[in-house]
Amino acid sequence: MRLEELELRRISLPLVTPFRTSFGTQVERDALVVAARTDAGVGWGECTALTWPGYSSEWIDGAQEVIRRFLVPLLGGDDLTADRFHRRVAGVVGHPMAKAALELALLDAELRAGGTSLRDRLGGSRDRVEVGVSVGITDTLAELVDLVAGYVDDGYTRVKLKIEPGWDLEPVRAVRERWPELRLQVDANTAYGPGDLDHLAGLDAFDLLLIEQPFPEDDLLTHRALARHIATPVCLDESITSLAVTATAIELGACSVVNIKPGRIGGYLPSAAIHDLCRAAGVAVWCGGMLETGIGRAANLALASLPGFTLPGDISGTARYYHHDVTAPFVVEGGTLPVPTGPGIGVDVDAEALAAATTSVEVLRP
Ligand code: OSB
Ligand code: MG
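Residues numbered from 1 in each chain as written. Chains lettered and ligands numbered in written order. Predicted model: local features only at pLDDT ≥ 70, side-chain atom pairs only at ≥ 80, totals over all residues. Heavy atoms only, no water.

Participant: It is not clear to me how helix 8 (residues 220–229) should be interpreted in this structure. Could you clarify?
Facilitator: Given 3.6 residues per turn, any residue in an α-helix points the same way as the ones three and four places further on. All buried positions along helix 8 are accounted for by L220, T222, H223 and L226. Axial view of helix 8: buried residues confined to an arc of 160°, hence all on one face. Away from the buried face of helix 8 by more than 90 degrees, exposed residues L221 and R228 are located. In this structure, the buried residues of helix 8 make contact with helix 7 (197–201), strand 8 (211–212), strand 9 (234–236) and helix 9 (243–252). (Buried < 20%, exposed > 50% of the residue type's maximum accessible area, 1.4 Å probe, protein only. Helix = DSSP H or I, 4+ residues; strand = E, 2+ residues; numbered from the N terminus. Arc of directions from axis to C-beta. Contact = heavy atoms within 4.5 Å.)

As structure tokens, then:
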């Protein structure tokens, strides 16, 4: 396959509900949608970097610059494939979200040309997957309970609450008291430290599926200390940046659950490899989310259909994110979403919606 042009399109989509985490608040998704125009046809991808480097070191303008200056110049020639892409860009250290966006666009182009779905390419088999909803920090407990009530009404059976120091035991208690049976988990996005082990043990009272990433990305030992200290399973998100780190975390006993996010890992093919490693080790995985548009969520659904994804993913219905997405809406039924099975990512991009949301367009050639 030959990459002829790469279109980098920035779009802005207002969020239906502002999303507050320990690292900041988002009121709109400033997204980078990538179209790879190849001799085999067009493929679509999406960069999951946020507007500012608060979740990980990448941010959207930086990712676009890395794509422009360092990645696209490596992609010339007739023999480009999604597999070879990873070898071509191996000399660029880090920047997994920039790489993952291009990998997805190349995968989509080659799979559409071959009539194969991303689901089948990755080794998935399910037609529907269980999904959950990630609920941000609110000003009051009453607001939180109202927000969760709306999601429960929408059919979600698994809810994740964002926590931070000062917003943890009480919000979890309020939601647990109102919904004793709901599958509930929490995500701290690195907001705690080694002095918080006893405090976090207070979460054991609420029968949580897991606690996600309470400590900084590089602090596997404190995650292990917590895993030994509490009954709630410890899950890693920000720390899981590669296959090698995942193996280290498992070997150490730093986690018993892994959140797989293709953006953070550098693509869907390396994400499938981490899935395989975790499955062989008996470690449950689930698919994380980064408030993706329908492009990224279609691909995440394909990934989440692999057999080791035994916990519901952060892949909610379109209505939880956007009034008007750039693909046809995904609608949650019975707490599940359908896995696209058409060629490539299996969904069409709505050119009109894309044009309406566009803030800038840049076209690059290798
Ligand atoms: O930590 O899982 C996270 C969104 C942006 C950045 C980090 C995270 C999240 C979410 C949202 O929790 C999940 C979703 O896309 O629904
Ligand atoms: Mg997380």
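Participant: Would you take a moment to explain empty space enclosed by the protein for this structure?
Facilitator: This model, assessed by the stated rule, comprises 2 cavities of 30 Å³ or more. Estimates place the volume of the largest cavity at around 200 Å³. The wall of the largest cavity is formed by 21 residues, among which F19, K162, G289, M290 and L291 lie closest to the centre. If you list the elements that add at least two residues to the lining of the largest cavity, you get strand 1 (3–21), strand 6 (158–162) and helix 13 (318–321). Across the lining of the largest cavity, the residue classes break down as 7 nonpolar, 6 polar and 8 charged. In this structure, the lining of the largest cavity is formed jointly by two domains, domain 1 (3–114 + 348–364) and domain 2 (120–338), each of which donates at least three residues. (1 Å grid on protein atoms, 1.4 Å probe; cavity = no way out; pocket = protein on both sides within 12 Å on 5 of 7 lines; lining within 4 Å. Points joined across faces, edges and corners; volume = space filled by probe spheres on them. Nonpolar A, V, L, I, M, F, W, Y, C, P; charged D, E, K, R; others polar. Domains from an automatic or database assignment.)

Participant: Honestly, the environment of D196 in this entry has me stumped. Any pointers?
Facilitator: Within the element layout of this structure, D196 appears in the loop between strand 7 (183–187) and helix 7. Its relative accessible area of 23% is what places D196 among the partly exposed residues. Measuring from C-alpha to C-alpha, the distance between D196 and G94 comes to 30 Å, with 102 residues separating the pair along the chain. A distance of 2.8 Å separates the side chain of D196 from the backbone nitrogen of G193, its partner in a polar contact. (Polar contact = N/O pair within 3.5 Å; in protein donor to acceptor, adjacent residues only side chain to side chain.)

Participant: What should I look at first to understand the site of ligand 1 in this one?
Facilitator: Around ligand 1 sit 16 residues, and of these S134, D187, N189, L291 and Y321 come closest. Side-chain polar atom of K162 to an oxygen atom of ligand 1: 3.0 Å apart, as the coordinates give it. With respect to ligand 1, the backbone of M290 contributes an N or O atom lying 3.3 Å from an oxygen atom. About the coverage of ligand 1: the protein hides 100% of its 390 Å² of free accessible area. (Near = heavy atom within 4 Å. Areas by Shrake-Rupley, 256 points an atom, 1.4 Å probe, with all protein chains shown as cover.)

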